[in-house]
Amino acid sequence: GDPLREVAHPEFIIIGHITQDMLPDGGLGLGGTVSYAATTAQRMGWRVGVVTSTGPNLDVAQVLPFAQLACHQAAETTVFENIYVDGERTQILHQRAGNLHCDHVPGQWRNAPIAHLGPLDQEIDEGIFHCFDDQVLIGVTPQGFLRRWDDQGRISFVDWNPPESVLRRINVLVLSEQDVPDPDGLVQAWGHFIDVIVVTRAEKGATVFHDGEPCDYPARPAQQVDPTGAGDVFAAAFMIRLIETKDPCQAAQFANAVASFSIEGPGVSGIPMRHQVEAYLAEPSERSSPSA
């Protein structure tokens, strides 16, 4: 192509580490909120920009060929290992790429409609919350702010206590009921500052708190193949539909459908195309009204 061709600026910015996840067979699989959210946004028809950090062994352009990239070179790529014993997950952080700061975000990207902060291992500097123009919708999936690790890389929960200035800049917070010990307490405490908080509950759907009022949305029944990334898929789809409709209710129903399709295939392969989601939502039988 013509190198002088103007590339349109991305509309959906996703920030965080792309990971290589150690698979049971010893291989490495692509992981991280960035991979799931970027793929979701692209399949929903949005132009994607990725702000990340990897080592020289991972070519982001190859794994996310549709995205515009701001990749900050580090010595290593982030590597996670998930160990399941009796249904309990232990996570180990084996390698970690570099931290991400506001100056890693290209200037022309700072007025994109959506910025999704998807940290995995405390990699996002607080300055990123204040990096975007005021009208940009900032959405956060906070799991990477809620993790610490020991010398062996074993991950455990840590409280995230952002200052009020950060909380006030978050427009949408999407967290799993598994992410924090007391999701309802968090909603109570932070609901004063954050416009929309969504608590996802796996196959039970999601609860949306808008102006402090809760509303439950059931999930679409799905044949689960791989639940990984479902919360990230939900979050990206929710933000996109919220911008399109200005309606958290419609956004929740849309995001539930996208996420439920996504778990029916391994990795990012299950994330549906937009027309599949719209066809499903158009079926009269699927118009379930939210329960108050």
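Figured I'd write up the structure that's included with this text. As the structure is a computational prediction, the values presented were derived from the model and not from experiment. (Residues numbered from 1 in each chain as written. Predicted model: local features only at pLDDT ≥ 70, side-chain atom pairs only at ≥ 80, totals over all residues. Heavy atoms only, no water.)

### Regarding the packing of aromatic side chains
Right, so step 1: Counted by the stated rule, this structure contains six aromatic pairs.
Right, so step 2: Ring centres of Phe 129 and Phe 145 lie 5.9 Å apart, and the angle between their planes is 35°; on these two criteria the pair is classed as tilted. Of this pair, Phe 129 sits in the loop between strand 8 (114-117) and strand 9 (137-140) while Phe 145 sits in the loop between strand 9 and strand 10 (147-149); the two residues are 16 residues apart in sequence, bridging distant segments of the chain. By the burial criterion, Phe 129 is buried, and Phe 145 matches it.
Right, so step 3: Between Trp 160 and Trp 190 the ring centres are 5.5 Å apart and the planes differ by 85°, which places this aromatic pair in the edge-to-face class. Of the two residues, Trp 160 is situated in the loop between strand 11 (155-157) and helix 3 (164-169) and Trp 190 in helix 4 (residues 183-190); the sequence distance between them amounts to 30 residues. Across this residue pair, the class does not change: Trp 160 and Trp 190 are buried.
Right, so step 4: Put simply, the rings of Phe 129, Phe 145, Trp 160 and Trp 190 touch in pairs and so form one group of aromatic residues.
Right, so step 5: Over the aromatic face of Tyr 280 sits the side chain of Arg 220, whose NZ or CZ is 5.4 Å from the ring centroid.
Right, so step 6: The positively charged end of Arg 241 is found above the aromatic ring belonging to Phe 254, 5.4 Å away from the centroid. (Phe/Tyr/Trp six-rings, centres within 6.5 Å; stacked < 30°, edge-to-face > 60°. Helix = DSSP H or I, 4+ residues; strand = E, 2+ residues; numbered from the N terminus. Buried < 20%, exposed > 50% of the residue type's maximum accessible area, 1.4 Å probe, protein only. Lys NZ or Arg CZ within 6 Å of the ring centre and 35° of its normal.)

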